[in-house]
Amino acid sequence: MKFDKEKFYQFCAQLKIETKEQGLRKMDTLLGSQTYAIDEIAKGLENDVHFFVILKGRQMGVTTISLALDLYQHFIHGGLQGTLVTDTEENRDMFRSTLGMYMEGLPKEYKIPLVAHNRNQMVLKNRSRIFYQIAGNKSRLGQGKAITYLHGTETASWGNEEGLASLIASLAEKNPERLYMFESTAQGFNMFHDMYKTAKRAKTQRAIFCGWWRNEYYSVPADSNIYRVYWDGKLTGEEKEWHKDIKKMYGFEINSRQMAWWRWKMAEGIKDDALMYQEFPPTEDYAFVMTGTSFFSHTRCTESAKVSKNTTCDN
């Protein structure tokens with residue numbers, strides 16, 4: 001399936017969103033984390049990949065851009081049968097409200113008229129619809145539905161592997177317009193961890209990691225007090241390790257303004273290095289390891305993870 005990013009971004013520029021840093025504004029300027037996720041999805045679709053597992057840090061804008069994509073895809077593809085699956089009823093209601101506000105603020109030439117919109121589904125005049133589902137502990141997700149579009153959010157908080165398997169069993173396998181996204185923060189070694197690892201190995205799936213350093217807001221000006229206080233011109237031993245990993249794994253070079261932000265956030269915000277790594281993981285390995293440190297120190301877990309990555313099993 002050919003996905004036109006420029007048309008999608010033009011659509012996004014018409015949407016009104018409530019942002020943490022800028023209040024109510026149009027979605028005409030996107031974060032690097034958002035464009036990176038969309039770029040990777042577009043590349044995948046061009047290569048006949050339709051299944052994406054997105055691992056993210058906190059406040060990366062991935063859910064926001066994914067909700068915009070939900071609406072856009074159902075507008076341009078008549079008869080699309082989609083589902084938005086959340087972890088809780090509260091998030092279901094919040095995201096349904098977000099989609100409703102997206103619709104209300106769009107100019108007429110950009111939207112398809114609504115037929116119905118309630119707590120269960122959004123139905124459009126072009127016969128596309130989005131079902132709202134809550135994962136929770138349900139074991140029969142997707143039953144009775146032939147799904148050609150899926151957006152699963154905070155998948156790591158879903159409590160039932162049988163429900164996930166039921167949902168995946170309901171997905172179309174040959175429809176050229178199909179698109180399936182699962183996006184979540186890491187919460188230890190759970191079924192989302194297994195999904196991500198599978199997507200990294202698979203030929204028909206793609207794993208996407210959105211590290212905190214892709215968000216331009218996670219940086220400070222070089223002439224700021226924060227920069228002067230928290231950047232001393234050199235990296236610590238542990239910072240050197242993940243700085244090197246980021247460059248090797250993702251081809252991204254972190255700059256001193258980002259490092260100053262990182263140190264400031266940890267010192268004056270999170271105040272705990274293990275929690276900082278958990279909420280704002282530098283790499284995908286840190287994301288999963290640091291959310292599984294309830295009984296072990298983060299240093300021990302990190303070192304063990306590095307050893308296991310370089311250990312091969314004898315047959």
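Residues numbered from 1 in each chain as written. Predicted model: local features only at pLDDT ≥ 70, side-chain atom pairs only at ≥ 80, totals over all residues. Heavy atoms only, no water.

When its secondary structure is counted, the chain shows twelve helices and ten strands. The burial tally for the chain puts 51% of its 315 residues in the buried class. When contacts within the chain are restricted to residue pairs at least 6 apart in sequence, long-range pairs at least 24 apart make up 72% of them. In the form shown here, the chain has an accessible surface area of approximately 15,600 Å², with 48% of it arising from carbon and sulfur atoms. (Helix = DSSP H or I, 4+ residues; strand = E, 2+ residues; numbered from the N terminus. Buried < 20%, exposed > 50% of the residue type's maximum accessible area, 1.4 Å probe, protein only. Contact = heavy atoms within 4.5 Å. Areas by Shrake-Rupley, 256 points an atom, 1.4 Å probe, with all protein chains shown as cover.)

All right, on to the pairing of strand β5 (residues 114-117) then. Side-chain positions along a regular strand alternate between the two faces of the sheet. With three bridges joining them, β5 and strand β6 (residues 121-124) adopt antiparallel strand pairing. Looking at the pairing, Ala 116 lines up with Val 123 of β6. (Pairing = 2+ DSSP bridges.)

Burial of strand β3 (residues 51-56) is extensive: six of the six residues sit out of reach of the surface. Alternating positions in β3 separate into two faces, Phe 51, Val 53 and Leu 55 on one and Phe 52, Ile 54 and Lys 56 on the other, with burial throughout. Pairing between β3 and strand β9 (residues 179-184): five bridges, direction parallel. Bridging from a neighbouring strand, Leu 55 pairs with Ser 184 of β9.

Here we have eight strands laid out as an open sheet, ordered β5-β6-β7-β4-β8-β9-β3-β10, and mixed in their pairing. Looking at which strands have only one partner, the edges of the open sheet turn out to be β5 and β10 (205-210). Along the sheet, successive strands turn relative to each other by an average axial angle of 10°, direction set aside. When β3 meets β10, the two strands line up parallel, connected through six bridges. Across the sheet, Leu 55 pairs through a bridge with Phe 209, a residue of β10. Docked against the sheet, helix α2 (residues 32-46) engages β3, β9 and β10, running at close to 170° with respect to β10. (Axes fitted to C-alpha atoms, helices over the stretch in contact; angles between N-to-C directions.)

Turning to its location among the elements, Asp 70 is positioned in helix α3 (residues 62-76). Summary of buried charges: Asp 70 has no salt-bridge partner, and the nearest side chain of opposite charge, Lys 56, is 11 Å away. For Asp 70, the side chain forms a polar contact with the side chain of Tyr 149, separated by 2.6 Å. Ignoring sequence-local partners within four residues, the contact set of Asp 70 consists of Leu 84, Ile 130, Tyr 149, His 151 and Met 181. (Lys, Arg positive; Asp, Glu negative; His and termini not counted. Salt bridge = Lys/Arg side-chain N within 4 Å of Asp/Glu carboxyl O. Polar contact = N/O pair within 3.5 Å; in protein donor to acceptor, adjacent residues only side chain to side chain.)

Mapped onto the fold, Glu 90 is located in helix α4 (residues 89-105). Considered as a pair, Glu 90 and Ile 134 are 44 residues apart in the sequence and their alpha carbons are 9.5 Å apart.

Next up on the list: the environment of Phe 209. Examined against the element boundaries, Phe 209 turns out to sit in strand β10. With 155 residues separating them along the chain, Phe 209 and Ile 54 place their C-alpha atoms 5.9 Å apart. When sequence neighbours within four positions are dropped, the list of residues in contact with Phe 209 reads Tyr 36, Leu 55, Tyr 196, Arg 214, Tyr 250, Pro 281, Pro 282, Thr 283 and Glu 284.

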